[in-house]
2 protein chains.
Amino acid sequence: MKLYDNIHANAPIRVRIVLLLKNIPFERIPVGFSSERNRTNPTSYDALNPQGMVPVLADENFVIWQSLAIAEYLDELFPTPPLLPADSRGKAHVRSLALMIACDAQPLANFRVREFLIREFGLPDAEMLRWVRHWLAESLTDYETAIVRHSTPGRFSYGNSPTLADVYLFPHVLHAKRFGVPLDAYPAVMRIFNECMAIPAFYNARSEDAPNNARAGK
Amino acid sequence: MKLYDNIHANAPIRVRIVLLLKNIPFERIPVGFSSERNRTNPTSYDALNPQGMVPVLADENFVIWQSLAIAEYLDELFPTPPLLPADSRGKAHVRSLALMIACDAQPLANFRVREFLIREFGLPDAEMLRWVRHWLAESLTDYETAIVRHSTPGRFSYGNSPTLADVYLFPHVLHAKRFGVPLDAYPAVMRIFNECMAIPAFYNARSEDAPNNARAGK
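None of the values given here were measured: they were computed from a predicted structure.

### Notes on the sheet that holds strand β4 (residues 62-65) of chain A
Residue and element names in this part refer to chain A.
Line of reasoning, step 1. The strand order across the open sheet built from four strands is β2-β1-β3-β4, with neighbouring strands paired in mixed fashion. With one partner strand each, in any of the chains shown, β2 (27-30) and β4 form the two edges of the open sheet. Here the strands of the sheet are splayed against their neighbours by 20° on average, with no regard to which way each runs.
Line of reasoning, step 2. Sheet analysis places strand β3 (residues 56-59) next to β4, joined by four bridges and oriented antiparallel. By the bridge assignment for β4, D59 is matched with F62.

### Describing the relation of the copies chain B and chain A
Line of reasoning, step 1. When chain B is brought onto chain A, the operation consists of a screw motion whose angular component is 180° and whose axial shift is 0.0 Å, with 0.0 Å RMSD remaining. What the rotation and shift describe, once combined, is the action of a two-fold rotation axis. Ranked by how close their C-alpha atoms come to the rotation axis, the residues of chain B are headed by C103 of chain B, at 2.0 Å.
Line of reasoning, step 2. A shared binding surface is used by both copies, with 100% of the interface residues of chain B retained as interface residues in chain A.

### Brief notes about the environment of A188 of chain B
All names here are of chain B.
Line of reasoning, step 1. With respect to the helices, strands and loops of the structure, A188 is situated in helix α9 (residues 187-197).
Line of reasoning, step 2. Considering only alpha carbons, one finds A188 and T40, 148 residues apart in sequence, at a separation of 47 Å.
Line of reasoning, step 3. Contacts of A188, omitting those with residues within four sequence positions, involve E144, I147 and V148.

### Some thoughts on the pattern of salt bridges
Side chains that differ in charge, positive against negative, can pair when their charged atoms come close.
Line of reasoning, step 1. The full count for this structure, using the stated rule, is 22 salt bridges over all chains.
Line of reasoning, step 2. A salt bridge links E76 of chain B to K91 of chain A; the shortest N-O distance between them is 3.2 Å. Here the residue E76 of chain B occupies a position in helix α3 (residues 67-77), and K91 of chain A occupies one in helix α4 (residues 88-104), the pair thus bridging two chains.
Line of reasoning, step 3. Classification of E76 of chain B by relative accessible area gives partly exposed; the value is 35%.
Line of reasoning, step 4. The buried category is assigned to K91 of chain A, whose relative accessible area is 17%.
Line of reasoning, step 5. Sharing partners across several salt bridges, the network here consists of E72 and R95 of chain A together with E72 and R95 of chain B.

### Remarks on the sheet that holds strand β2 (residues 27-30) of chain B
Residue and element names in this part refer to chain B.
Line of reasoning, step 1. Spatial ordering of the open sheet is given by β2-β1-β3-β4, a layout of four strands whose pairing is mixed. The open sheet has two free edges, formed respectively by β2 and β4 (62-65), since each of these has just one partner strand. Looking at each pair of strands side by side, their axes are set apart by 20° on average, direction ignored.
Line of reasoning, step 2. The strands touched by helix α1 (residues 11-21) within the sheet are β1 (2-5) and β2, with β1 carrying the most contacts at an inclination of about 155°.

Thresholds applied
Residues numbered from 1 in each chain as written. Chains lettered and ligands numbered in written order. Predicted model: local features only at pLDDT ≥ 70, side-chain atom pairs only at ≥ 80, totals over all residues. Heavy atoms only, no water. Pairing = 2+ DSSP bridges. Helix = DSSP H or I, 4+ residues; strand = E, 2+ residues; numbered from the N terminus. Axes fitted to C-alpha atoms, helices over the stretch in contact; angles between N-to-C directions. Least-squares fit on C-alpha atoms with pLDDT ≥ 70 in both. Contact = heavy atoms within 4.5 Å. Salt bridge = Lys/Arg side-chain N within 4 Å of Asp/Glu carboxyl O. Buried < 20%, exposed > 50% of the residue type's maximum accessible area, 1.4 Å probe, protein only.

Right under this line is the structure:
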């Protein structure tokens, strides 16, 4: 497996966690970004991924973009450990949690959006920071409510082993830390984050420690 | 099944398409919105959905929020017609297409984000409109590229019957039309949109025609 990756991006961390948890060997291929896409002269990476974003997973000649599609694909091909509960309701609940972050939080705080706000609307850095912090905090408040009110009590977001929900939550908390969002208001989220930090697959998937082109697993 | 819904919202259209395609009886329950959430005095709807957004599906006492989690749940429980291909690669591809819209397009153009830009940054209406049109056009360009370059040729986004990709694309094009995005640049997208319009489940799921509390199917 090849993972097209960028050390500064948040979404590839999710895929690295899945690959490491399942002990799937992979090669990281670093991808650079410019702030604005050049539609007239697309790069070879644009030819691989129509969105021009990371991550992309290449399983030989088969290419997948979008981290959740990649995670579901890997979970189907490498079922151990499973990252979704076996029953339909459990699956729906875990997917809801992951999607809260994947859809309504991370896309609002990512690089291309921050760049657009600064470049097109002349937003000062402090206002851009307020934008990012607002959506990160909103999503953490919602997630905290969701797990406190709706989840099966356990060590992780759903039960006692990591699921796709935690795969999404963990990098999201790292993102919030990087942008200085106060985290005291989210005790259930932070308890789960600390449980994840104790698992090598989560700890080693962080950008801070991950060397480029590292081979993981066997 | 009960669908918590709002006539002005885009995401519930996706769930209505799935319910109608699979002929699942459902009751629509209209939900009102204010521009800013009141965290101190949450409504009874906030108690149902930690994000306070629509859609929510209630299958008796089991509640799911996030449209893609709902769609996958319904596809598992009511497998006919299937909305995902049978093979892992086909599934990954269709999910990638749906997620391009679910994650990187719709959340940037939705009501709470538009309200935030106007309220917090004093963005004039024309600039807000430029923001919405920019992200809608970007995502349609990416989707057009994705289906032209990567998909199995067929009548729909993937093959000759509707999948979850079309369930996401159809309301997205309606959204783009409402915001005046020129659609000539997306001939493959518009060909698929017109195929969908000819299917009663898609046509009748549109907000324009859907009566409140309509019972669908048997």
